[in-house]
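Results of the structural survey
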Amino acid sequence: MKLRNIYFTLIFSTLTIITFGQATDVNKISAITGDTLKGAAASDTSWKTGGFIGINFSQISLSHWAPGGDNSISIAANANVFANYAKNRTQWDNNLLLAYALLKNGTDPLRKNDDRIDFTSKFGYRVKPESKWFYSAILNFKSQVANGYNYPNDSVVISRFLAPAYLTLALGMNYKPVDYFEVFFSPVSSRFVIVNDQDLADLGAYGVKAATTDANGNLNKGTGEKVRSEFGAYLNMNFKKEIFENVTLASRLELFNNYTDEDENNRKNIDVNWETGLLMKVNKFLTTSFIATVVYDHNVIQRTQYRQILGVGFGYKF
């Protein structure tokens, strides 16, 4: 599948969700006078929007420090915003997470140590007026902004914007027994792994099909595929609650099993993306956060990836 088809699928799916979510109210709107419509819009509580923006900073300075060590400085910024719609039996949740961080350690050059774009849009229609079950569709997109390098070798690029990127489209059921917890499951979902860089695609990075080779084993440049399509089961689980005053626990688990992997031995492997964060608000602007992430993708690296971030900095919730 060509890369432009993936972009078309993303745009078409988003427009379909928007159109479907709005179509049910067209007839009602046409029957309302201008003054009535103006008053209704002012008091409409169907939409809820908000988010959090934070900046964390840390610095270590050493002078004649007997135990040894390096001076270091780091700065991390993140934003998490949402726009959710709920009316009658319709529910549409949208969430965007952005994160970027830089680190300078000793005499090493400035490096990035976090870089994320994560957008999720989920549309649901309640099975019955009072039911906790929804017929649902979900779209998830992940990528990063800046180049990543094979440190300490900063001349070898291992990632770029849209290389990789992950697009997941799924139809299934969503169970939401309480406001702070929900589970979405789809036995029929598609995931596209995009590597929009020909050099990386030729190497078979992130599980795409590598370039062919000639009789001498040299790569036939330009023959590597930029898109890997997968079909399988997808689970998305979310928990977010203020467990104590000014202390919020948030956790998201994503599981994907590819039914169609060319290597049948890989079909039993489950891709895991699990992130849990604890946000503690000291006052209106000062926050402390701890975030732990566990990732497993057999097609990328055959071992579990783990990352944890502890930060103190400025944050604003709106």
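These figures come from a predicted structure and were not determined experimentally. (Residues numbered from 1 in each chain as written. Predicted model: local features only at pLDDT ≥ 70, side-chain atom pairs only at ≥ 80, totals over all residues. Heavy atoms only, no water.)

1. Some words on the layout of surface pockets
The condition is simple: Whether a set of points on the 1 Å grid over the protein atoms alone is a cavity depends on a 1.4 Å probe fitting there but being unable to get out, while an open set qualifies as a pocket with protein on both sides within 12 Å along at least five of seven lines; lining residues are those with an atom within 4 Å of a point. Grid points are joined across faces, edges and corners, and a volume is the space filled by probe spheres set on the points. By the criteria applied, helices consist of DSSP H or I runs no shorter than four residues and strands consist of E runs no shorter than two, each listed in order from the N terminus. Any residue outside Ala, Val, Leu, Ile, Met, Phe, Trp, Tyr, Cys, Pro, Asp, Glu, Lys and Arg is labelled polar, Gly included; the first ten of those are nonpolar and the last four are charged.
In this structure, the second largest pocket spans a volume of roughly 1,300 Å³. A per-element tally of the lining of the second largest pocket places strand β4 (residues 111-126) first, with seven residues. Among the residues making up the lining of the second largest pocket, the classes are represented as 16 nonpolar, ten polar and 13 charged.

2. Some words on the pattern of salt bridges
The cut-off we apply is this: Definition used for salt bridges: Asp or Glu carboxyl oxygen within 4 Å of a side-chain nitrogen of Lys or Arg. Burial here depends on accessible area, computed with a 1.4 Å probe over protein chains only, as a share of the maximum for the residue type. Under 20% is buried, over 50% is exposed, and the range in between is partly exposed.
In this structure the tally under the stated criterion is 16 salt bridges. Put simply, arginine 111 and aspartate 108 hold a salt bridge, and the shortest N to O gap is 4.0 Å. Judged by relative accessible area, which is 22%, arginine 111 ranks as partly exposed. By relative accessible area, aspartate 108 is classed as partly exposed at 30%. Of the charged contacts in the structure, one is a salt bridge between aspartate 118 and arginine 252, with a shortest N-O distance of 2.3 Å. With aspartate 118 in strand β4 and arginine 252 in strand β11 (residues 247-258), the pair connects residues that are 134 residues apart, well separated along the chain. Ionic contacts of the salt-bridge type, sharing partners, join the residues Arg191, Arg228, Glu230, Asp261, Asp271 and Asp297 into one network.

3. A word on the pairing of strand β1 (residues 47-60)
Definition in use: Any two strands between which DSSP finds at least two bridges are classified as paired.
As defined by bridge partners, β1 adjoins strand β2 (residues 72-87) across 14 bridges and the pair is classed as antiparallel. Counterpart to asparagine 56 in the pairing with β2 is alanine 76. Strand direction decides the pairing type here: β1 and strand β14 (residues 301-317), joined by five bridges, are antiparallel. Its bridge partner being in β14, asparagine 56 is matched across the sheet by glycine 313.

4. With respect to a negative patch on the surface
Spelled out, the test is: Patches here are clusters of residues that have more than 30% relative accessible area and form no salt bridge, with a 9 Å joining cutoff for like charges and a 5 Å cutoff for nonpolar side chains (Val, Leu, Ile, Met, Phe, Trp, Tyr). Values of accessible area rely on a 1.4 Å probe in the Shrake-Rupley scheme; residue burial ignores everything except the protein chains shown. We count Lys and Arg on the positive side and Asp and Glu on the negative side, and we leave His and both chain ends out. Charge placement uses NZ in Lys and CZ in Arg. For Asp and Glu, CG and CD serve respectively.
On the surface, a cluster of negative charge is made up of Glu225, Glu262, Asp263 and Glu264. Of note, aspartate 263 is situated in the loop between β11 and β12 (270-281).

5. Digging into the packing of aromatic side chains
We count it as follows: Between rings of Phe, Tyr and Trp, where Trp is taken as its six-membered ring, a pair exists when centres lie within 6.5 Å; planes separated by under 30 degrees are stacked, by over 60 edge-to-face, and by other angles tilted.
This structure, assessed with the given rule, holds nine aromatic pairs. Consider the rings of tryptophan 133 and tyrosine 175, whose centres lie 4.8 Å apart with planes at 35°: the pair is tilted. Of this pair, tryptophan 133 sits in strand β5 (residues 133-143) while tyrosine 175 is found in strand β8 (residues 165-178), placing the two residues 42 residues apart along the sequence. Here the aromatic rings of phenylalanine 285 and tyrosine 316 are separated by 6.2 Å at their centres, their planes lie at 20°, and the arrangement is stacked. On the criterion of sequence distance, the pair formed by phenylalanine 285 in the loop between β12 and β13 (286-297) and tyrosine 316 in strand β14 is long-range, its members being 31 residues apart. Overall, the relative accessible area of 43% leaves phenylalanine 285 in the partly exposed class. Residue classification places tyrosine 316 among the partly exposed residues on the basis of a relative accessible area of 41%.

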